[in-house]
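# Chain and residue survey
Next come the chains, spelled out residue by residue.
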Amino acid sequence: MLKTFWDIIKTTVIALPIGLYTTFKHVFKKPVTKKYPKAKSEMMPRYRGLHYLERYDDGTERCVCCGLCAAACPADAIYMEPDENEKGERFAKVYEINMIRCIFCGFCEEACPEEAIFLGHEFELANDNRDGFIYSKDDMLVEHPRKDRPYKTIYRRTRRHSM
Amino acid sequence: MQGRNGLPVCVKNMSDNGKEKEQVTLTIDGKEISVDKGTTVLDAATLMGIHIPTFCWHPKLDSIGACRMCLVDVEKFPKPAVACATEAMPGMIVRTDTDEIVKARRGVLEFMLLNHPLDCPTCDKGGECDLQDNVFHYGIDKSRQAFTRRRVIDDQTTDAFDDKRIGPEIIRNMNRCVTCYKCIRFNKEIAGEYDLGAYERGNHTVIDAAPGEQIDNFYSGNVVEICPVGALTNTDWRYKIRNWKAKQTLSLCSHDADGQNIMLWHDQRQLWRATSRRNDDIDDGWICNIARYGYQYINSPDRLKTPLIKKEGKQVPASWDEAISLISKRFKEIKDSKGSVCLAGLIGGNQSVETAYLFNKFFRNKLHTNNLDYRLEYIDLKGSDETEAYNCLYRAPFTIADLEQADVVFVFGSNFIKDHPAINLRLRKAYRKFGTKVYTANPVETKSADISLDEMIYSPDTETAFIAGLIHAIIDNKYYKNIDETKAAEVKTMLAPATLDEAARLCGIEQERIVNLAKVLSEANNPYILAGDYFVASAKRHRTANGMYDLANLLGIKDSNAIILASQANSMGADRVGVRPRLTENLKKTLIDKWGEELPESPGSNTSQILNNSLDEEIDGLFILGANPAMRYPDGPFVNSALDKLDFLVVADLFETATSAKADVVLPLAGWAEQSGAYVNVEGRYQKFEKAQDADKGIKSGIEIIHSIARAMDLSLNLDNAALMHETKDIVDAFEREARDEAKFFEVKQAQIPEHDNYPYRLLVGNDIHHFGYVTEHCPSLMRFTPEPYLEISPNLAEKLGIDEETLVRIESTTGKLVLKARFSEYFEGDVLFIPNNFSATEVTGLVSREGGGWVKIEKLDDK
């Protein structure tokens, strides 16, 4: 089909400004994307990210190594070894989550009878070797970045038999 | 049929004892069932496969109806009845599932949860707890409680869980208790112990040890297992691994000869615990502490991990190839230069029967020597085999469960609780339930005293005189059966001492008591004579065995009812596959059939001859598999010098022992849980056990070791594991013992009791109650019961010598001396002492001579 003069006018003089109008319209709008490493977005309240282990108000670990999180875990990502402390209490000597296996379903959080584990909003798990993905107690028993605004409501702040 | 808790159904009734019972018919949930009279509604329902929840009920304990969980609706009863304590009556109409019953059970559970702390996350019972299961089933998820829970605080040091240690192994948490009293009932009814009790009452009930005591009885582990909640837990399983994470493997106790069935709980890393695996033919579901905690040596950090080879007087680690090629080279040299009679082998009594058979085949069929034995703890192994009487009684076709039908049991020379825990409990059951009369005769008082009608204490080394006295009593009073007077008079002439009076005087027991025992035995329909470890370890056991043979014949006692009990897990297995110098004709024929070759001609040597011959340099190469004669065989210095004289000694063991220290090559050996196999228990019952965990890389099983040595010597044994298992089973099955000849009588002559003027006290050496053999000192739990060797002494003798408990005492005999702490005995009275030989730190066997046993003198050591 022969291109007529009118056709040429339609595609250049008229269509081009129409298309560019959309472009220029967004130039002055607030961008949808974030400058990711520099700016981070707020996650939804129930977002399930990296695990944290919680402490009681007096600083003792909440986890008693009961094994229910490991039993609930569909990916079999949790490994733990209990031990007895000097008071005769049960605690987790070893507590490891394999973050490569973990599917972040949050069952561990739901199963936990001591409100010891919860999934926070952190999601940056990149690492350059596989061993780095096995998170131990030291990695998870840290103060989480939103200490003032907890990710999860904790109902019992003190230990069961505090004297 | 499986009942609750995975246990086979057991209906408690008197028909256990072989008596016919009247039948009653009742209706449960619309279905009719006929049961024996005396059966409870709960047992009848269980037989029909109807589950009724319980806490306080246990198939082997009497019902007390303490927990009220098993409520059922019985027509015409005004209110719900407890099924476990209601006897089934003709025409009874029972409903177990009405709304009313469910409501009643929910009410019971709610009351139980009133004070329950709900600390399931930290409770060791979590996951196998009856309360958890029932609460989950009945859905009690709301609490109506408005006040605080009861909390029993005994120990102020733990502010978290209110745990209290009430024994070396037992931890009690009273908050969790539902007061079912199972623990106390077990202790009283089954074990005959009274160290656990319920104090206070109602809501304040506390289960605790008797004041000033600990729960340290020999069966105490069972109370933890039967506790329906986590009120009683043990140190062994404390905070280890959740039960649903552990794998379960069927296994057997690897120590004593009863063959108690256990379940091993383990994962890839290690064994975690052992629980009972009810076998009504053997253990009734109760296992002793040695079976329960005696698995721990497998996980010991002291295990040998690599072979050691002696180089320039020092044992240095080496590779398996090096070790095996050295063994094969030296064995070949000895065989070629001096002949195969210079080679010998000893195997421990807890190696599997397959290992024992392969060991036998390797030595007999490939190395062509008859020098092999498994009896490594007893003196007086005369000739190359035991006497006819001894062998006949040793291999008697005894069954543990039949003991319940006995009317008289005569226990001769055995501390049953120590030697045969399962038989001991069976005897107690027979006594308690069926009124069996028990008589005992021992060199010292034993734990069976409370059930025995007459406990006779003969002076040491007079077993033969005692049995001769008993035969005198039978003949004098004409209690004998099956023979005539002339024969009886003839038998009487074969006895020494020649009269009852003399015999009674020698063994220190009144004549009347011996006559009374003879009378009771002769009047009984189904009498038993059981001989145990004191008998077997006595200096002149063959003479006594002759007496026992005569006694059985005089009284017409059944073949299965007079037995000398074997002592180790696979003693009977080793005996049946022929790990002894001389074989029975029957076994010889079986082996020739199997191997297609004649057996070696040489007479063969037993343990004591092997050691003697090595002293005389007639034996040059010795292979010891899983045994420690240097620590266990009497007369330590003699054994040590015999082992030193050997040209070439190979020891395969789990640990470095006194024996392995003398070896030219030490091989690390796999334990029983690291291989599958079978044991033949004291009854001759062939029982399999499964492999629970893989052995460490550098460790091989006995079967692998024998195979690799044979391969290196170019002697193919040509047996894979499956074929080995089948062949062993065939041989065990084909075993036939020579039956007792009822017309035959042997001489019973008491040996001269040597004078011991300077050494006045008789020393008994044996297993401590919480130890067995030389491996249990690697079990931390058992070490908590008895942590160190001691000298057990009677309080009156101690008072005479001015010895207090815990003071150091010097013990001296002709062959050696020792210093040990004294401990007062609950049972001993006279001049008898006891030292356990389960601790490698003390060479107790150095005090014992091979001929006369141990005679010692003791003195208090100065406080310096």
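Just so we're clear, the structure is a prediction, and the values are computed from it rather than from any experiment.

Calculation criteria
- Residues numbered from 1 in each chain as written.
- Chains lettered and ligands numbered in written order.
- Predicted model: local features only at pLDDT ≥ 70, side-chain atom pairs only at ≥ 80, totals over all residues.
- Heavy atoms only, no water.
- Phe/Tyr/Trp six-rings, centres within 6.5 Å; stacked < 30°, edge-to-face > 60°.
- Helix = DSSP H or I, 4+ residues; strand = E, 2+ residues; numbered from the N terminus.
- Buried < 20%, exposed > 50% of the residue type's maximum accessible area, 1.4 Å probe, protein only.
- Lys NZ or Arg CZ within 6 Å of the ring centre and 35° of its normal.
- Axes fitted to C-alpha atoms, helices over the stretch in contact; angles between N-to-C directions.
- Parallel < 35°, antiparallel > 145°, perpendicular 65-115°, else oblique.
- Left-handed = near helix turned anticlockwise from the far one by under 90°.
- Contact = heavy atoms within 4.5 Å.
- Nonpolar A, V, L, I, M, F, W, Y, C, P; charged D, E, K, R; others polar.
- Buried area = accessible area lost by both parts, 1.4 Å probe.
- Salt bridge = Lys/Arg side-chain N within 4 Å of Asp/Glu carboxyl O.
- Polar contact = N/O pair within 3.5 Å; in protein donor to acceptor, adjacent residues only side chain to side chain.
- pLDDT = per-residue confidence, 0-100.
- Pairing = 2+ DSSP bridges.
- Patch = residues over 30% accessible without salt bridge, like charges linked within 9 Å, V, L, I, M, F, W, Y side chains within 5 Å.
- Areas by Shrake-Rupley, 256 points an atom, 1.4 Å probe, with all protein chains shown as cover.

### Describing the packing of aromatic side chains
In total, this model carries 26 aromatic pairs over all chains according to the counting rule given. Arranged with centres 5.9 Å apart and planes meeting at 40°, the rings of phenylalanine 118 of chain A and tyrosine 151 of chain A form a pair that is tilted. Of this pair, phenylalanine 118 of chain A sits in strand β4 (residues 117-119) while tyrosine 151 of chain A sits in the segment after α4 (137-140), placing them 33 residues apart in sequence. Taking relative accessible area as the criterion, phenylalanine 118 of chain A reaches 3% and is therefore assigned buried. On the basis of relative accessible area, tyrosine 151 of chain A is assigned to the buried category, the value being 12%. Summarising the aromatic geometry, the rings of phenylalanine 362 of chain B and phenylalanine 363 of chain B are spaced 5.5 Å apart at their centres and angled 80° between planes, so their arrangement reads as edge-to-face. Assessed through its relative accessible area of 0%, phenylalanine 362 of chain B is described here as buried. An aromatic cluster is built from Phe410, Phe412, Tyr458, Phe466 and Phe535 of chain B, whose rings are joined through pairwise contacts. Here the guanidinium or amino end of arginine 273 of chain B rests over the ring plane of tryptophan 265 of chain B, the centre of that ring lying 4.2 Å away. In this structure, lysine 418 of chain B is placed above the aromatic ring of phenylalanine 834 of chain B, and the distance from its NZ or CZ to the ring centre is 4.0 Å.

### Observations concerning the packing of helix α7 (residues 320-338) of chain B against helix α23 (residues 702-712) of chain B
Residue and element names in this part refer to chain B. The geometry of α7 relative to α23 is characterised by a closest axis approach of 9 Å and an angle of 60° between their N-to-C directions. Taken together, α7 and α23 sit at an angle that is classed as oblique. Remark: the crossing between α7 and α23 carries right-handed chirality. Seen from α7, the contacting residues are Trp320, Ile324, Ile327, Ser328 and Lys332; seen from α23, they are Ile705, Ser708, Ile709 and Ala712. Of the residues belonging to the contact of α7 with α23, the class tally is 6 nonpolar, 2 polar and 1 charged.

### Focus: the environment of isoleucine 811 of chain B
When you line up the elements, isoleucine 811 of chain B lands in strand β32 (residues 808-812). Sequence separation between isoleucine 811 of chain B and tyrosine 759 of chain B is 52 residues, and the spatial gap between their C-alpha atoms is 9.9 Å.

### A look at the interface of chain A and chain B
Chain A puts 22 residues into the contact, and the matching count from chain B is 22 residues. Buried area between chain A and chain B, summed over both chains or domains, comes out near 1800 Å², and the portion from carbon and sulfur atoms is 54%. At the junction of chain A with chain B, the criterion picks out 2 salt bridges. The closest approach of N and O atoms between arginine 238 of chain B and glutamate 84 of chain A, which form a salt bridge, is 3.0 Å. On the surface where chain A and chain B come into contact, there are 2 residue pairs in polar contact (both at pLDDT 80 or more).

### Remarks on the confidence of the model for chain B
Detailed conclusions should not be drawn from predicted coordinates in areas where pLDDT is low. All names here are of chain B. The share of residues in chain B with pLDDT of 70 or more is 96%, and the mean pLDDT across the chain is 90. Low pLDDT, under 50, characterises residues 1-16; the stretch is placed with 55 contacts to residues that sit more than four places away or in other chains. Both scores are available for the predicted complex, with the pTM at 0.91 and the ipTM at 0.82.

### Structural notes on the sheet that holds strand β22 (residues 527-531) of chain B
Residues and elements named next belong to chain B. A sheet is described by the order of its strands in space; here 5 strands give the open sequence β20-β19-β18-β22-β23, paired in parallel fashion. Of all strands in the sheet, those with a lone pairing partner are β20 (452-457) and β23 (562-564), marking the two edges. Shown here is a sheet whose adjacent strand axes are inclined to one another by a mean of 10°, direction ignored. Relative to β22, strand β18 (residues 408-412) is paired through 5 bridges, and the arrangement is parallel.

### Structural notes on the confidence of the model for chain A
For chain A, the mean per-residue pLDDT works out to 88, and 96% of the residues sit at or above 70. The secondary structure element of chain A with the lowest average pLDDT is helix α1 (residues 5-27) of chain A, at 87, and the one with the highest is strand β5 (residues 134-135) of chain A, at 95.

### Regarding the side chain of serine 414 of chain B
Here serine 414 of chain B is to be found in the loop between β18 and α10 (416-419). Overall, serine 414 of chain B belongs to the buried group, its relative accessible area being 1%.

### Examining the sheet that holds strand β10 (residues 232-234) of chain B
Spatially, β6-β7-β10 (chain B) is the arrangement adopted by the 3 strands of the open sheet, whose pairing is antiparallel. Each edge of the open sheet is held by one strand with a lone partner, namely β6 (164-165) and β10 of chain B.

### Structural notes on the environment of aspartate 714 of chain B
Residue and element names in this part refer to chain B. You can see aspartate 714 is positioned in the loop between α23 and α24 (721-734). Judged by its relative accessible area of 64%, aspartate 714 is exposed. Sequence-wise, aspartate 714 and serine 328 are 386 residues apart; in three dimensions their C-alpha atoms are separated by 9.0 Å.

### Let's talk about a nonpolar patch on the surface
All names here are of chain A. Residues Leu16, Leu20, Phe24, Val27 and Phe28 make up a contiguous nonpolar surface patch of about 560 Å² in total accessible area. The topology assignment puts phenylalanine 28 in the loop between α1 and β1 (51-53). Judged by relative accessible area, phenylalanine 28 falls into the exposed class, the value being 72%.

### Observations regarding unusual backbone geometry
Cis geometry marks the peptide bond from alanine 496 of chain B to proline 497 of chain B; its omega dihedral reads 5°. With a phi angle near 50°, glutamate 115 of chain A is a residue other than glycine that sits in the positive phi range. For glutamate 115 of chain A, the position within the fold is in the loop between α3 (107-111) and β4. If you check the backbone angles, aspartate 461 of chain B has positive phi at about 70° while not being a glycine. Summarising the element assignment, aspartate 461 of chain B is placed in the loop between β20 and α12 (463-476).

### Regarding the pattern of salt bridges
All names here are of chain B. Counted under the stated rule, the structure contains 56 salt bridges over all chains. Note that aspartate 280 and lysine 60 form a salt bridge whose closest N and O atoms lie 3.1 Å from each other. Here aspartate 280 is found in the loop between β13 (271-276) and α6 (289-293), whereas its partner lysine 60 is found in the loop between α1 (41-47) and β3 (71-74), with 220 residues between them in sequence. Overall, the relative accessible area of 27% leaves aspartate 280 in the partly exposed class. Put simply, Lys60, Arg278, Asp280, Asp284, Glu404, Arg426 and Lys429 are held in one network by salt bridges that share partners.

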